[in-house]
Amino acid sequence: MTPRNPHRGAASLPRWIDPDELARSGRWVRGTLQWAELGRLAGAGASGRSPAVEVGVRAFREPGGAVVIEGRVTAVVTVVCQRCLGDMDLDVQAEFLVAAARSGPEAARLRDDFDTIELGCDQRLSLVRLVEDEVLLAVPMVPRHPRRGDCDAEAMHRLDALAGGAPPRDNPFEALAALRRRKG
Ligand SMILES: [Zn+2]
């Protein structure tokens, strides 16, 4: 219960989706998920920066009769820049189309055209998991400030000093190069 939550009007976002029901209504369902609900992000080195994750979903049937979930995810996450090791904010604006397959054969058919998820025995989909996937996909494998000038200058100096001050034998590549020179 958060009576002062500015997103109160849209707080009806379900945590689980019943694809048939969502497709029947045909409407967009919008709301927010709290960062604490997206547990897998912390493991990927990302933390929430925006107050919450804004999510919109709707569903429709593709010609073969399977339900396709269309969604949008908007958020800002903080990740660690791999050049200066400083914090970096990343705008996440993801759109997805995921087909909900009711069986293995249906999943195989859908996979050519859509990202596909097989429904569990209860025929529902975890919206939290879907959103987690989208945010994780939006984080680059090696995040870096877009321009070197955006990096934390002080941190870069410290890193340069560390690299410059290390004795050469601590560098395995230099050691290898020296070995090669000796042999040749
Ligand atoms: Zn940086």
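Computed from a prediction, not measured in an experiment: that's the story for all the values here.

A. Just the overall build of the protein chain, in detail. The number of helices and strands found in the protein chain is 6 helices and 8 strands. Relative to its 184 residues, the protein chain shows a buried fraction of 21%. Of all intrachain contacts in the protein chain linking residues separated by at least 6 positions in sequence, the fraction that spans at least 24 positions is 59%.

B. Structural context of the confidence of the model for the protein chain. When pLDDT is averaged along the protein chain, the result is 85, and 83% of the positions lie at 70 or above. The weakest mean pLDDT in the protein chain belongs to helix 6 (residues 172-183) at 52; the strongest belongs to strand 4 (residues 53-61) at 97. Here residues 5-11 is a poorly scored stretch, pLDDT under 50, and it has 8 contacts once near neighbours within four places are set aside; other chains count.

C. Here's a closer look at the environment of Leu127. Relative to the assigned elements, Leu127 resides in helix 4 (residues 127-138). Distance from Leu127 to Val57, taken between C-alpha atoms, is 9.1 Å for residues 70 residues apart in sequence. The contacts of Leu127, once residues within four sequence positions are left out, are Pro14, Arg15, Trp16, Ile17 and Val57.

D. Here's a closer look at the nonpolar core. By size, the foremost hydrophobic cluster in this structure holds 31 residues, and its most contacted members are Leu38, Val53, Ile69, Ala100, Val131 and Val135. Residue assignment for this core shows that the elements contributing at least two residues are strand 4, strand 5 (67-80), strand 6 (87-101) and helix 4. Ranked by residue count, the leading element in this core is strand 5, at 6 residues. When neighbours within four sequence positions are excluded, Leu38 is seen to be in contact with Leu33, Val53, Val128, Val131, Glu132 and Val135.

E. Focus on unusual backbone geometry. Despite not being glycine, Leu85 shows a phi value in the positive range, around 60 degrees. Relative to the helices and strands, Leu85 resides in the loop between strand 5 and strand 6. The class of Leu85 is partly exposed, set by 14 C-beta atoms lying within 10 Å. Even without a glycine there, the phi angle at Gln123 is positive, about 60 degrees.

F. The arrangement of the pairing of strand 4 in detail. Pairing analysis gives 5 bridges linking strand 2 (residues 29-33) to strand 4, with the strands arranged antiparallel. The residue bridging Val29 from the neighbouring strand is Val57, located in strand 4. The pairing of strand 4 with strand 5 spans 8 bridges and is classified as antiparallel. Among the inter-strand pairings, Gly56 is bridged to a residue of strand 5, identified as Arg72. In this antiparallel pair of consecutive strands, strand 4 and strand 5, the connection spans 5 residues, and Gly65 shows a positive phi of 100 degrees.

G. Representation of helix 4. Its 12 residues give helix 4 an end-to-end C-alpha distance of 17 Å, which sits within 8% of 16 Å, the value for a rise of 1.5 Å per residue. Inspection of helix 4 places Leu127, Val128, Val131, Glu132, Glu134 and Val135 among the buried residues, and these make up the whole buried set. Down the axis of helix 4, the buried set is contained in an arc of 165 degrees. They therefore lie on one face.

H. Layout of the environment of Thr74. Counting through the fold element by element, Thr74 comes out in strand 5. On a C-alpha basis, the gap between Thr74 and Ser50 in space is 9.2 Å, while along the polypeptide they are 24 residues apart. With residues up to four places along the chain from it excluded, the contact list for Thr74 reads Glu54, Val92 and Gln93.

Conventions and cut-offs
Residues numbered from 1 in each chain as written. Predicted model: local features only at pLDDT ≥ 70, side-chain atom pairs only at ≥ 80, totals over all residues. Helix = DSSP H or I, 4+ residues; strand = E, 2+ residues; numbered from the N terminus. Buried ≥ 20, exposed ≤ 12 C-beta atoms within 10 Å, placed from the backbone. Contact = placed C-beta atoms within 7 Å. pLDDT = per-residue confidence, 0-100. Core = buried A, V, L, I, M, F, W, Y, C linked by C-beta atoms within 7 Å. Pairing = 2+ DSSP bridges. Expected span 1.5 Å × (residues − 1). Arc of directions from axis to C-beta.

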